[in-house]
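# Understanding the architecture of this molecule
Each chain, letter by letter, is given below.
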Amino acid sequence: MTTKLMGQGVQRVEDQRLLRGQGRFVDDVLVGQGTLHVAVLRSPHAHARIRDIDVSGVLDVEGVHAVWTYDDLAGLAPNMADPLPLLIPHPALTQGRTQYALAKDEVNYVGEAVAFVVAEDRYLAEDAVGRIQVDYELLPPVVGIEAARAADQLVHPDVPGNVAARLVQDTGAPGELEAAMAAAPHRLSLDLTVERSACTPLEGRGTVARWDPDTNRMTVWSSTQTSTGVRAVVAAKLGLDLGQVDVVTPDVGGGFGVKINHPWPEELLVPLAARALGRPVKFTEDRREHFISSAHERGQLQHIEVGFDDDGRLQALEVTFWHDHGAYIPYGLIVPIITSTQLLGPYKPRVYRVTFESLYTNTVMVTPYRGAGRPQGCYAMERTMDAIAAYLGKDRTEVRAANFIQPDEFPYDQRMTFQDGRELEYDSGDYPAMLEKIKALIGWEEFPRFREEMAAQGRQVGIGLACYVEGTGVGPYEGAHVHIETSGKVKVATGLTSQGQGHQTAFAQLVADELGVRFEDVEVVTGDTRRMAYAVGTFASRAAVMSGSAIHLAAKRAKEKVLRIAAEALEASEDDLEIVDGIVSVRGTTAHIDLGTIAVLSNPLRYAFDERSKLATQFSVGDPGKPPVAEDDEPGLEGKDFYSPERSTFASGMHAVIVETDPRTAEIKILKYAVVHDCGNLINPMIVEGQIHGGVAQGVGGALYERMVYDESGQLLNASFMDFLMPYVTEVPDGIAIDHLETPSPLNPLGIKGAGEAGVIPSAAVFASAISDAEGFPITAMPISPSDLFQLRRTLTEEPS
């Protein structure tokens, strides 16, 4: 029998091509071929009224083909004059505002698109942008959560208090939380801060479009996390039928959430220009543009009130937080909803109430960034757990264990509504077992002795722990198509996109297992609406759960047809057949038939094109007394299916870290990092560990280095990689210790959960815990750099004046 590939660390098939420079990204598409290039004039002001835009200096420049402002859009496509879509409405989002493709009357952040230039090359386009004169009337900007809450100035004059939404979820009856809090033997309050950061993928945004006037079809290539979403909005905004638009996502140099937002203005303006000008058009974002005009995330202020008993059990938990979503809110309330619900982690407070306000500021808008609100929620909960342990003088693991949901309590209903509109019900897990694993992996019990040894050398160390639960595999659906060629090769298509997750490898493993074919005979295509027209996208650690399940189901359908046709050809029962390495054989006999031949037989032919196709012509095969294609069948050897879950699956994990903080310089050094993760049944452990490594590296950056620094006028002060600090390989922990726990999900046929965001979720929490342990005082603001820690030490040691 063929060795089962699920659960095996199969080497990624994508890597050789990418490592050898053979990747094909958006900027590699339609090089030459008469392609025109785009540059965008962006606002230099955080808040200003547009009095006038003078483009006269551009109109006669040789090589410039178009210059557009908002006033030009309606004449090109009526729907283009409307605001961009609010993608995810919510009843609590009563003051939703989105930007226009090009600014209308007002700009609300530095980097907002004001004018659009198309020229023979990027150099000409940039020069032309420099000739455009804009007369701005400056308005007072609102920068930061405190300023937004004060509401002395408004981002949008028709939005009271700068509040887009206020949402309350309460797991108790009216008055229950207040009663539980009053009755709790102990109470604590915490105020916490998480600052803004951003994804900054290696490849920024990019879009290429070509209009074919002969077929009235638009082809768009976009570096996106949702090719079908881009397709739908391009069709809607340009007044095209959905069937007239194809969107192809080539190789993508990182997404991390910023590319799930759609449409970006350029994703509409580029195809609009391609149709208007009759030539291909390309936009490639540069690094500064990415900093000032793509999305950010993370920024929140949090206030926590907690009541607990002598063992640290949560009797009442009330959390209020304020979320900075920037100047516009196209992705709705997804990030703060995730914070508010995933904050609970693996714990079961007796009663929980959370209230958040999502606030407008004159800064770049916020959309999900790897973790998508979970890092903030984990930070709030884990800082609370550490505070309770410190107050009671208990071990931090003991307090956590006292609050865990137990293995026999699953499925566990947290009595809240999750980001998908479904109940927040955990499907499976074993948190006590996971805690024992992480303690062993990091050396928790041995740490006091290690601390003493380090202290004897004049070195200062601390240990930290953080636990999390991650909702993964959110709906509504994904689909897959599995087609067996007459060559015996298997072609697989699914609609979500790939940005380095190893989909071509993991999905091929599933198909090879189900169909009994060689792994190398399976080819997987993602993110091409010509191959799979209906899909949702790649986000929320959903690819393996959603597309993996759909591919599994589609392969089963194809296999059913394989066995039926083979049984007829071999005159055997389907129950007696087995498939090994693409050969269907009858057990206990030498009778066999290969998949390629079955594929030929699956398509009754009138005409023979080669020797093999003769097998399927009317005088060679088929029962003359029956239709060549049965009523409930169709030609071809393929399977197509969709997977739509009743609710999300919930992965979980725990991270622990040992850090050293220099007593003089406050430098923070990672000595050991450990991860235990539960994503259900593993498809490919090597890929999962790679995801964890990448997530931890990203988490180190978010916890210790990376932040978006705005001044009071709304200017981003560190909009380059010279100023935006990132961890190098020297700052990322070497040799991360990883262990897996597998509690299969009962919600999908493979028993899997997502893993893509696991590495980054607890980073702020675990480093805050470890640094606090090393220093002996609470850490309440993240990220924390050496200079931050140095200043914090000085502040805490200064004598009152």
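### Looking at the sheet that holds strand E14 (residues 314–324)
In spatial order, the strands read E7-E15-E14-E13-E8-E29; together these six strands make up an open sheet with mixed pairing. Edge positions in the open sheet fall to strand E7 (163–170) and strand E29 (781–782), since each of these has one partner strand only.

### Considerations on the packing of aromatic side chains
Scanning the entire structure with this criterion turns up 15 aromatic pairs. Arranged with centres 5.6 Å apart and planes meeting at 80°, the rings of Phe291 and Phe721 form a pair that is edge-to-face. With Phe291 in helix H9 (residues 287–293) and Phe721 in the loop between helix H18 (685–704) and strand E28 (737–740), this residue pair connects regions lying 430 residues apart in the sequence. Between the aromatic rings of Tyr477 and Phe642, the centroid separation amounts to 5.9 Å while the plane-to-plane angle is 65°, which identifies the pairing as edge-to-face. Here Phe642 lies in strand E25 (residues 638–643) and Tyr477 lies in the loop between strand E18 (461–472) and strand E19 (478–484), a separation of 165 residues in the sequence. What makes Tyr477 partly exposed here is its relative accessible area of 25%. Overall, the relative accessible area of 35% leaves Phe642 in the partly exposed class. These aromatic residues form a ring-pair network of at least three members: Tyr347, Phe404, Phe410 and Tyr431. If you follow Arg149 out to its NZ or CZ, it ends over the ring of Trp322, 3.7 Å from the centre. The ring of Trp264 carries Arg205 above its face, with NZ or CZ at 4.5 Å from the centroid.

### What to know about a negative patch on the surface
Taken together, the side chains of Glu560, Glu568, Glu574, Asp575 and Asp576 make up a negatively charged region of the molecular surface. Positionally, Asp575 belongs in the loop between helix H16 (543–570) and strand E22 (577–580).

### Side note on the pairing of E28
Residues Ile738 and His740 point to one face of E28 and are all buried, whereas Ala737 and Asp739, pointing to the other face, are not buried. Strand direction decides the pairing type here: strand E27 (residues 668–678) and E28, joined by four bridges, are parallel. Note on E28: the bridge partner recorded for Val675 is Ile738. Once the chain exits E27 it traverses H18 before rejoining the sheet at E28, and the crossover so formed is right-handed.

### What to know about the pattern of salt bridges
Applying the stated criterion across every chain, the model contains 53 salt bridges. A salt bridge links Arg400 to Asp386; the nearest nitrogen and oxygen atoms lie 2.9 Å apart. Separated by 14 residues along the polypeptide, Arg400 in helix H12 (residues 396–403) and Asp386 in helix H11 (residues 374–392) bring together distant segments of the chain. Asp386 matches Arg400 in its accessibility class, with the two residues each being buried. Note that Arg587 and Glu578 form a salt bridge whose closest N and O atoms lie 3.7 Å from each other.

### What to know about H16
Here H16 is 28 residues long and its end C-alpha atoms lie 38 Å apart, about the 40 Å a rise of 1.5 Å per residue gives. Directly beyond the C-terminal end of H16, a positive phi value near 55° is found at Glu571.

### Looking at the sheet that holds strand E10 (residues 217–222)
Here seven strands make up an open sheet; going across it, the order is E3-E5-E1-E12-E9-E10-E11 and the pairing mixed. One side of each edge strand has no neighbouring strand; the edge strands of this open sheet are strand E3 (64–68) and strand E11 (245–248). Neighbouring strand axes in the sheet, compared pairwise and without regard to direction, differ in orientation by 20° on average. Relative to strand E12 (residues 281–284), strand E9 (residues 206–212) runs antiparallel, the two being bridged by four bridges. Each residue of the ladder has a partner; that of Val208, found in E12, is Lys282. Running over the sheet, helix H4 (residues 122–131) touches strand E1 (36–42), E3, strand E5 (113–119) and E12 and is turned about 25° from E1. Helix H8 (residues 265–277) rests against E1, E3, E5, E9, E10 and E12 of the sheet, and its axis sits at about 30° to E9.

### A word on unusual backbone geometry
Along the chain, Phe410 connects to Pro411 via a cis peptide bond; the corresponding omega equals -5°. Within the secondary structure layout, Pro411 lies in the loop between H12 and strand E16 (412–417). The amide bond that connects Gly475 to the next residue, Pro476, takes the cis arrangement and shows omega of 5°. Structurally, Pro476 can be placed in the loop between E18 and E19. Although it is not a glycine, Leu30 sits at a positive phi angle of roughly 50°. Along the chain, Leu30 turns up in the loop between helix H1 (15–19) and E1. Overall, Leu30 belongs to the buried group, its relative accessible area being 5%. A positive phi angle, near 90°, is found at Arg298, a position not held by glycine. On the basis of relative accessible area, Arg298 is assigned to the buried category, the value being 8%.

### Observations regarding empty space enclosed by the protein
Throughout the structure, instances matching the rule amount to five cavities of 30 Å³ or more. Lining of the largest cavity is provided by 18 residues; of these, Arg298, Pro375, Gly702, Ala703 and Ala764 occupy positions nearest its centre. Those elements that place two or more of their residues in the lining of the largest cavity are H11, H18 and helix H19 (763–775). Across the lining of the largest cavity, the residue classes tally to nine nonpolar, five polar and four charged.

### Observations concerning the domain arrangement of the chain
Its domain assignment divides the chain into domain 1 (15–139 + 199–293), domain 2 (389–472 + 647–798) and domain 3 (476–643). Between the C-alpha centres of domain 1 and domain 3 the distance comes to 39 Å. In this complex, domain 1 contributes 15 residues to the contact, which on the side of domain 3 involves 17 residues. A combined buried area of about 1,200 Å² lies between domain 1 and domain 3, and 50% of that area is made up of carbon and sulfur atoms. There are zero salt bridges connecting domain 1 and domain 3. Between domain 1 and domain 3 we count nine residue pairs in polar contact (both at pLDDT 80 or more) in total.

### Looking at a nonpolar patch on the surface
Taken together, the side chains of Leu242, Tyr534 and Phe642 make up a nonpolar region of the molecular surface, amounting to roughly 280 Å² of accessible area. Its location among the elements puts Tyr534 in the loop between strand E21 (522–526) and H16.

### Some details on the packing of H18 against H19
Running from N to C, H18 and H19 cross one another at 60°; their axes reach a closest spacing of 8 Å. In terms of their interaxial angle, H18 and H19 are classed as oblique. The interaxial crossing formed by H18 with H19 has right-handed handedness. Packed against H18, whose contacting residues are Gly699, Val700, Ala703 and Leu704, the element H19 presents Ser763, Ala764, Phe767 and Ile771 at the interface. Taken together, the residues of the contact of H18 with H19 break down into six nonpolar, two polar and no charged.

Criteria and cut-off values
- Residues numbered from 1 in each chain as written.
- Predicted model: local features only at pLDDT ≥ 70, side-chain atom pairs only at ≥ 80, totals over all residues.
- Heavy atoms only, no water.
- Pairing = 2+ DSSP bridges.
- Helix = DSSP H or I, 4+ residues; strand = E, 2+ residues; numbered from the N terminus.
- Phe/Tyr/Trp six-rings, centres within 6.5 Å; stacked < 30°, edge-to-face > 60°.
- Buried < 20%, exposed > 50% of the residue type's maximum accessible area, 1.4 Å probe, protein only.
- Lys NZ or Arg CZ within 6 Å of the ring centre and 35° of its normal.
- Patch = residues over 30% accessible without salt bridge, like charges linked within 9 Å, V, L, I, M, F, W, Y side chains within 5 Å.
- Areas by Shrake-Rupley, 256 points an atom, 1.4 Å probe, with all protein chains shown as cover.
- Salt bridge = Lys/Arg side-chain N within 4 Å of Asp/Glu carboxyl O.
- Lys, Arg positive; Asp, Glu negative; His and termini not counted.
- Charge placed at Lys NZ, Arg CZ, Asp CG, Glu CD.
- Right-handed = clockwise from strand over helix to strand, strands pointing away.
- Expected span 1.5 Å × (residues − 1).
- Axes fitted to C-alpha atoms, helices over the stretch in contact; angles between N-to-C directions.
- Contact = heavy atoms within 4.5 Å.
- 1 Å grid on protein atoms, 1.4 Å probe; cavity = no way out; pocket = protein on both sides within 12 Å on 5 of 7 lines; lining within 4 Å.
- Points joined across faces, edges and corners; volume = space filled by probe spheres on them.
- Nonpolar A, V, L, I, M, F, W, Y, C, P; charged D, E, K, R; others polar.
- Domains from an automatic or database assignment.
- Buried area = accessible area lost by both parts, 1.4 Å probe.
- Polar contact = N/O pair within 3.5 Å; in protein donor to acceptor, adjacent residues only side chain to side chain.
- Parallel < 35°, antiparallel > 145°, perpendicular 65-115°, else oblique.
- Left-handed = near helix turned anticlockwise from the far one by under 90°.

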